[in-house]
Amino acid sequence: MNITCVMITARSASVEIEDGGRYFTKADYDIYINDEYYGTTDTTITGIYGLKPDTAYEISVRENGRENGRVSLHTEKEFVTLNVRKFGAKGDGVQDDTHFIQAAIMACPPKSRVLIPAGTYKITSLFLRSGLRLELEKGAELKADTERTHFPTFPPVLESYDEESEYILGTWEGNPLPMFSGIICGVGVEDVIIYGEGIINGNASKENWWYNPKVMNIAFRPRLFFLSNSKDVSLQGVTFMNSPSWTLHPFFSDNLRFIGVKVQNPSDSPNTDGLDPESCRNVEILGVRFSLGDDCIAVKSGKIYMGRKYKRPCENLHIRQCLMENGHGAVTVGSEMAGGVINMTVEDCYFRHTDRGLRIKTRRGRGRDAVLDGIVFRNLTLEHVMTPLVVNSFYFCDPDGKTEYVQSREPHPVDERTPSIKKLVFENMDCTDCHVAAAYFDGLPEAKIEEIVMQNISISYAENPKCDVPAMSEGVEASSKRGLFARNVARLTLDHVKIEGQTGDAVELIGVDELEKKD
């Protein structure tokens, strides 16, 4: 067993227990700090809190009294702590504590901590600043107001004085539209860490933010955590719940880390995606638990305006040791991906009770910059996932989504509107209790999926599997065949792919140019 430190602050650390488990460890382990008992864990990524700044520690992991490994670490230095209670925050759930907490944030010097002690703090939007360390102590809850008129509105596009450039604070579903500021909001910030065992509660329900969720009322719904044009930002340990819309939404931001975070929204909550990096670079998602009402992770890069103008893909994402459950898709790409998605690796994760494992959503009209390439899924456990792998190139979102141009299965001219999918790799996946299909790959006839590689994949079905058709795609009839369906793929490699319990042929290929089957 190997024990490593994956994140450290002045007051906390996260360690990884490498015992072969995926999100959960294979056994329960006791954590010791300097040989004193700290607690018990059953997760591969475990947060440790209550440490002292600028101090050396020995963290050991034990099972039944026997030490399995240890790691040495030294916490960072800290200048001062600013307790929000001393700034006037009450934490009684009644007083609006926004201004008092904001005052502490704005007064915080570099390498210092703003502390939210135990209590319930009513807030609207809190704005981050560069160099901030914000700790939510165990028992602390930031609970959002739900009165729309109390929230600032971000305008859609601000034209520069020279009328040549523009400033866009963020987007609503891939387009620059009026939206409320995030409940926790960072614009143009650097070097920020939010950590701790506390809760950030959007307080959304069907009586407020989830009522008529698609209708713009003053502005579109706020995100629970929103970043714009920022870099070097980390979240550690905090629980995010009851988000008004997308939960964690970084936009045009770089060098982001999400370590040991929890995202909890009701399974019937509308569009409460867990984490939606949009046109972001260098994103690490490690040990995060998602349980919500839409996609767990949805990778995006804008609709056609943003993709064509800025040509900024979402790139270099590493998703590891995460648990995705009760969502539509465990990891979704699109459908707002006009800037492309490049180099995304998902590994050592556990998906359960989601509709899909991977879900790629694209369509004609996304544009030639909507390139998907370097998508890798490996070392995954999927349990009761309806369809493990889905690629839909006919996703009918937007007002023109059901037009002949978008939905036609006949070839169309390749032009500036045509998206492309290059290489997808799936390996070492164990999928049980599936329902609708093992995999469904539907490429464009004029721009086929260039290459799909499937290696060492085992798929079995539930005792009474459901029959269904691809969501958001027209002209596809339900079939009792539950194997692998591939249409318009240039090259397909199947290497030790086992599908058990399907009816009819295990593999149905239409318009596949080259098939290499090694088992």
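Check the entry above for the structure.
Every value quoted in this text rests on a predicted model; they were computed, and no experiment measured them.

Cut-off values and rules
- Residues numbered from 1 in each chain as written.
- Predicted model: local features only at pLDDT ≥ 70, side-chain atom pairs only at ≥ 80, totals over all residues.
- Heavy atoms only, no water.
- Helix = DSSP H or I, 4+ residues; strand = E, 2+ residues; numbered from the N terminus.
- Contact = heavy atoms within 4.5 Å.
- Areas by Shrake-Rupley, 256 points an atom, 1.4 Å probe, with all protein chains shown as cover.
- Salt bridge = Lys/Arg side-chain N within 4 Å of Asp/Glu carboxyl O.
- Buried < 20%, exposed > 50% of the residue type's maximum accessible area, 1.4 Å probe, protein only.
- Core = buried A, V, L, I, M, F, W, Y, C linked by side-chain atoms within 4.5 Å.
- 1 Å grid on protein atoms, 1.4 Å probe; cavity = no way out; pocket = protein on both sides within 12 Å on 5 of 7 lines; lining within 4 Å.
- Points joined across faces, edges and corners; volume = space filled by probe spheres on them.
- Nonpolar A, V, L, I, M, F, W, Y, C, P; charged D, E, K, R; others polar.
- Pairing = 2+ DSSP bridges.
- Patch = residues over 30% accessible without salt bridge, like charges linked within 9 Å, V, L, I, M, F, W, Y side chains within 5 Å.

## Thoughts on the overall build of the protein
Phase 1: Looking only at helices and strands, the protein has three helices and 43 strands in total.
Phase 2: Taking the principal axes of its C-alpha atoms as reference, the protein extends roughly 65 × 65 × 40 Å.
Phase 3: Pairs at least 24 apart in sequence give 73% of the contacts found in the protein among residues at least 6 apart.
Phase 4: Carbon and sulfur atoms make up 47% of the accessible area of the protein, which amounts to about 19800 Å² in all.

## Remarks on the pattern of salt bridges
Phase 1: A full pass over the atoms with the stated rule returns 38 salt bridges.
Phase 2: A salt bridge links D400 to R363; the nearest nitrogen and oxygen atoms lie 2.8 Å apart. Of this pair, D400 sits in the loop between β37 (387–392) and α3 (404–407) while R363 is found in the loop between β35 (356–361) and β36 (371–383), placing the two residues 37 residues apart along the sequence.
Phase 3: A relative accessible area of 31% places D400 in the partly exposed class.
Phase 4: Notably, a salt bridge pairs R366 with D398, separated by 3.2 Å at the nearest N-O pair. Taken together, the positions of R366 in the loop between β35 and β36 and D398 in the loop between β37 and α3 put the pair 32 residues apart, joining distant regions of the chain.
Phase 5: With a relative accessible area of 3%, R366 lands in the buried category.

## Here's the deal with the nonpolar core
Phase 1: Membership of the largest hydrophobic core comes to 101 residues, with the highest contact counts inside it found for F351, F377, F426 and F441.
Phase 2: The greatest single-element share of this core, amounting to seven residues, is contributed by strand β42 (residues 484–500).
Phase 3: One finds I31, I33, L51 and I59 within the second-largest nonpolar core, a separate group that totals 15 residues.

## Section: empty space enclosed by the protein
Phase 1: This structure, assessed with the given rule, holds two cavities of 30 Å³ or more.
Phase 2: By volume, the largest cavity amounts to about 80 Å³.
Phase 3: Residues that form the lining of the largest cavity fall into these classes: two nonpolar, two polar and seven charged.
Phase 4: Reported here for the second largest cavity is a volume of approximately 40 Å³.

## Examining the side chain of Q102
Phase 1: Residue placement: Q102 occurs in helix α1 (residues 98–107).
Phase 2: Given the relative accessible area of 15%, Q102 is considered buried.

## Section: the pairing of strand β1 (residues 2–8)
Phase 1: Bridge count for β1 against strand β2 (residues 12–18) is six bridges, and the pairing is antiparallel. Its bridge partner being in β2, M7 is matched across the sheet by S14.
Phase 2: Where β1 folds back on β2, the antiparallel hairpin that results is connected by three residues.

## Points about the environment of V414
Phase 1: Along the polypeptide, V414 turns up in the loop between α3 and β38 (420–421).
Phase 2: The exposure class of V414 is exposed, given its relative accessible area of 59%.
Phase 3: Through-space distance from the C-alpha of V414 to that of D355 is 32 Å; in sequence the pair is 59 residues apart.

## Description of unusual backbone geometry
Phase 1: Residue S335 is reached from G334 by a cis peptide bond, and omega for that bond is 0 degrees.
Phase 2: Take S335: it is sitting in the loop between β33 (329–333) and β34 (341–352).
Phase 3: With a phi angle near 50 degrees, E173 is a residue other than glycine that sits in the positive phi range.
Phase 4: One can find E173 in the loop between β17 (166–167) and β18 (179–180).
Phase 5: Judged by its relative accessible area of 18%, E173 is buried.
Phase 6: Its identity is not glycine, yet S279 carries a phi of approximately 55 degrees, on the positive side.
Phase 7: Checked against the element boundaries, S279 lands in the loop between β27 (262–264) and β28 (281–286).

## A look at a nonpolar patch on the surface
Phase 1: Taken together, the side chains of V157, Y305 and Y310 define a hydrophobic patch exposed on the protein surface, amounting to about 230 Å² of accessible area.
Phase 2: By secondary structure assignment, the location of V157 is in the loop between β15 (153–154) and β16 (158–159).
Phase 3: By relative accessible area, which is 35% here, V157 ends up partly exposed.

## Let's talk about the sheet that holds strand β12 (residues 126–127)
Phase 1: Across the sheet, which stays open at both edges, the four strands sit in the order β12-β19-β22-β25 with parallel pairing between neighbours. Sheet topology places β12 and β25 (248–251) at the edges, where each strand pairs with a single neighbour.
Phase 2: Where β12 and strand β19 (residues 184–187) come together, two bridges link them in parallel fashion. In the sheet register, L126 faces β19, and the bridge partner there is I184.

## Digging into the pairing of strand β6 (residues 56–63)
Phase 1: In terms of strand pairing, strand β3 (residues 24–33) meets β6 through four bridges, oriented antiparallel. Paired with Y32 across the strands is S60, a residue of β6.
Phase 2: Where β6 lies against strand β7 (residues 66–74), eight bridges are found, and the strand directions are antiparallel. Residue pairing across strands places Y57 opposite L73, the latter belonging to β7.
Phase 3: Where β6 hands over to β7, the hairpin turn is made up of two residues, of which N64 adopts a positive phi near 55 degrees.

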